[in-house]
Amino acid sequence: MRSGMSQIIHTDILIIGAGPSGATCSLFLSKLKVPHLIVEAAKFPRDKVCGDGLDLKVARVLRALDPELPDQLLAQADAVTPCRGARLITPGGRSVDFKYYPKPEDPHPFPLLYCAKRLFFDNFLAARIPSPYADFRQETAVKSLARTPEGHWLVEAEGPDGPLQIQAKMLAGADGDHSVLLRHLGTRKIDRNHYAGTLRQYWKGIQGLGDHIEIYFPKGLPMSYFYIFPLPNGEANVGYGMVSSLLAQKQHNLRDLFKKLIETDPLIAPRFAAAEPLEKPIGWGLPLASRRRPASGEGWLLLGDAASLVCPTSGEGIGTGMMSGYIAAHFLARAYQAGDYSHAQFRNYDKEIYRRLEEEIRLFRIMMRMPVGVYDWMLSVGVRMPFFQKRFVKLAPKWLQTAFEKEIAIAF
Ligand SMILES: Cc1cc2nc3c(=O)[nH]c(=O)nc-3n(C[C@H](O)[C@H](O)[C@H](O)COP(=O)(O)OP(=O)(O)OC[C@H]3O[C@@H](n4cnc5c(N)ncnc54)[C@H](O)[C@@H]3O)c2cc1C
C-alpha cells in the first residue's frame, strides 16, 4: 500500500536487525510458518567487530534448524577454522591447553570451537532468511518508533528506495548494542560495571598459530584479556577487552594497552615480529549479561546484544544471541497463534534467555570483587591445576552430546 511519498507495510511481527540473533529468530519463525518482516540496515555480506569465535551453542541452534547445517558450515574450509579448544596464558606467563580431540568412536567429532569472520558467518545465516514467511529487507534502517493509541507500532525506516513506514503489532529488537528499540524504551544507559570496551584487529602472518584459540591474561590488568583467534589463510583475529569500570577507574587507554602488548610483551611481541596488520584496531562495546535488562514488554522483545546477553566471563554473544533468537521465535509463534502480543504472552521470556548464563554471571561477580593480586594468583595457580584440565576432557563429550542430541527446551 502507498501513502504519499512513503510506502506503508503492515505486519504482525517486525524483527529489527539480521545479525545472528535476528536472523535466527527469522529462520525459526519461517520454520514455524509464522509470517514476519525483517529489516536490516546493512547489505550482506557485512562486517561486524567481533572475535569471530563460534561455540557449541551456535552448533546447537544450527542443528535445531537443520541437522545438516553445522557440517555444511564446517565444510567451508576457506572460511572456517576448526579449533579443538583454548590455550590460556596466565598472568604468570605459563600456558595451559584445554583441548579435546574426539576419539574415533565419538558420535560427534565436531570441534568445540570454530572461527569464521562475521563477514562470512552472518551472511551464511542471512542468505537462508528469504522464505514464503519472511519478507527480508536489507539496506533498510529503522529511524524512529512510536505507538498508536490502539497500541500498534508506527515505524519510520529508510530503505534503498526512500522512506518506508511500517505498522507492526510486535517488535523484536535484534539490532545490537546501539538498538533503536532500546533507545525508544529509554533503557540503553550503559552501566560500566556490566559493559566491556573492546578492540579488534585482523592480522596476517602471526607465528605459532595452532588448532586452538588463545586467551592471554596480562598481569596487573584484571577483568581483561588479549586474544588471538586463528582464521583461514594465515590470518588471525586479534583483540583486547576490559570491563569498562576498570578502564575508567585506572584511566587505562585500551588502544595504548593493546599496542604495548603487541609491541613489547615478551610472550606476545615475538610472534608479531613478522606479522602484518590488515586494518587499524576497531573499537566496539560489549553489553554483559551480568546486568539483567528487562527484555520483554507490551508488544516488544529484545534479543542478543540489545538484551545485554553477552557472556560476562568469555565475551561470547553469538551463541547466546542465537539462543535468544530461537527462544523468541517460539514465544512469538505462540503469540501469533493466539493473536495476542500482550506482555502476558512473554512473561517467561526473560527468564528463559538469561537462565543459561547464570553460572557465568555468578563467576563474573566473584571475579569482579577480587583484589588484583588475588585475581592474578587465581588465574596463575588455579588454571594450571590438573584437576581443571581433566574435568575439561571429561566434560567435552557431554557438551558435544548436548549440542547434537538435546532438544532446546523452553518453559513458556
Ligand atoms: C571485539 C569483540 C569480540 C567479540 N568476540 C566474540 C566471539 O569471539 N564470540 C562470540 O560469540 N561473540 C563475540 N563478541 C560478541 C558478538 O559480536 C555479539 O554478541 C553479537 O554480534 C551479537 O549479535 P546480535 O545479532 O545480537 O547483534 P549484532 O551482531 O550487532 O547485529 C545487529 C544487526 O542489527 C542491524 N541494525 C542495527 N541498527 C539497526 C536499525 N536501526 N535498523 C535496522 N537494522 C539495524 C546491524 O546492522 C546488525 O546487522 C565479540 C564482540 C566484540 C566487540
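Residues numbered from 1 in each chain as written. Predicted model: local features only at pLDDT ≥ 70, side-chain atom pairs only at ≥ 80, totals over all residues.

Asker: Looking at this structure, how should I read the overall build of the protein chain?
Answerer: Scanning the protein chain for helices and strands turns up 13 helices and 20 strands. Compactness check: the protein chain gives a C-alpha radius of gyration of 22 Å against a globular reference of 22 Å for 412 residues, within 12% of the reference. Taking the principal axes of its C-alpha atoms as reference, the protein chain extends roughly 65 × 50 × 40 Å. Within the span of the protein chain, comprising 412 residues, buried residues form 44% of the whole. (Helix = DSSP H or I, 4+ residues; strand = E, 2+ residues; numbered from the N terminus. Rg over C-alpha atoms; globule rule 2.2 N^0.38 Å. Buried ≥ 20, exposed ≤ 12 C-beta atoms within 10 Å, placed from the backbone.)

Asker: Just checking my understanding: could you explain the domain arrangement of the protein chain for this structure?
Answerer: How big an interface is tends to be expressed through the accessible area that disappears when the partners come together. Assigned domains of the protein chain: these are domain 1 (2–79 + 114–190 + 289–405) and domain 2 (192–287). Between the C-alpha centres of domain 1 and domain 2 there is a distance of 25 Å. On the domain 2 side, the residues contacting the 25 residues of domain 1 number 24 residues. Looking at the side of domain 1 that touches domain 2, the elements that each hand over two or more residues are helix H11 (358–369) and helix H12 (372–382). Here the side of domain 1 that touches domain 2 gets four residues from one element, more than from any other, and that element is H12. A per-class count over the side of domain 1 that touches domain 2 returns twelve nonpolar, six polar and seven charged. (Domains from an automatic or database assignment. Contact = placed C-beta atoms within 7 Å. Nonpolar A, V, L, I, M, F, W, Y, C, P; charged D, E, K, R; others polar.)

Asker: Just to check I follow, could you spell out the site of the ligand for this structure?
Answerer: Taken together, 38 residues form the shell around the ligand, and within it Gly-17, Gly-19, Gly-51, Gly-304 and Gly-317 come nearest. In the shell around the ligand, the residues fall into 16 nonpolar, 15 polar and seven charged. For the shell around the ligand, the domains that each give at least three residues are domain 1 (2–79 + 114–190 + 289–405) and domain 2 (192–287). (Near = placed C-beta within 6 Å.)

Asker: Can you walk me through the pairing of strand E14 (residues 213–216) in this structure?
Answerer: A regular strand places its side chains so that they alternate between the two faces of the sheet. Sheet analysis places strand E6 (residues 85–89) next to E14, joined by four bridges and oriented parallel. Bridging from a neighbouring strand, Ile-89 pairs with Tyr-216 of E14. Relative to strand E15 (residues 224–230), E14 runs antiparallel, the two being bridged by three bridges. Residue pairing in the sheet places Glu-214 in a bridge with Ile-228 of E15. (Pairing = 2+ DSSP bridges.)

Asker: Would you mind showing me how to read the environment of Ile-318 here?
Answerer: With respect to the secondary-structure elements, Ile-318 resides in helix H9 (residues 318–338). The exposure class of Ile-318 is buried, given the 27 C-beta atoms found within 10 Å. Taking the C-alpha atoms as reference points, Ile-318 and Lys-57, separated by 261 residues in sequence, lie 8.5 Å from one another.

Asker: What exactly am I supposed to notice about the sheet that holds strand E8 (residues 113–116) here?
Answerer: Within a sheet, neighbouring strands are paired by backbone hydrogen bonds and run either parallel or antiparallel to one another. Spatially, E4-E8-E5 is the arrangement adopted by the three strands of the open sheet, whose pairing is antiparallel. In the strand order of this sheet, the two ends are held by strand E4 (53–54) and strand E5 (80–83), each with one partner. In the sheet, E5 pairs with E8 via four bridges, with the strands oriented antiparallel. Residue pairing across strands places Val-80 opposite Ala-116, the latter belonging to E8.

Asker: Whenever I open this one, the nonpolar core confuses me. Can you help?
Answerer: Most often, soluble globular proteins have nonpolar side chains that are buried together. One finds Ala-172 and Leu-332 to be the most contacted residues of the largest nonpolar core, which totals 115 residues. The greatest single-element share of this core, amounting to eleven residues, is contributed by H9. Two domains each put at least three residues into this core: domain 1 (2–79 + 114–190 + 289–405) and domain 2 (192–287). (Core = buried A, V, L, I, M, F, W, Y, C linked by C-beta atoms within 7 Å.)

Asker: When you look at unusual backbone geometry in this model, what are you seeing that I'm missing?
Answerer: Leave glycine aside and you will find that most residues have negative phi; peptide bonds, for their part, are mostly trans. With an omega of -5°, the peptide bond between Phe-44 and Pro-45 qualifies as cis. With respect to the element layout, Pro-45 can be found in the loop between strand E3 (36–39) and E4. One non-glycine residue, Gln-251, adopts positive backbone phi at about 50°. Assignment of secondary structure puts Gln-251 in the loop between helix H6 (244–249) and helix H7 (254–264). Of note in the backbone geometry, Ser-308 takes a positive phi value of approximately 60° without being a glycine. Looking at where Ser-308 falls in the secondary structure, it is placed in the loop between strand E20 (300–302) and H9.

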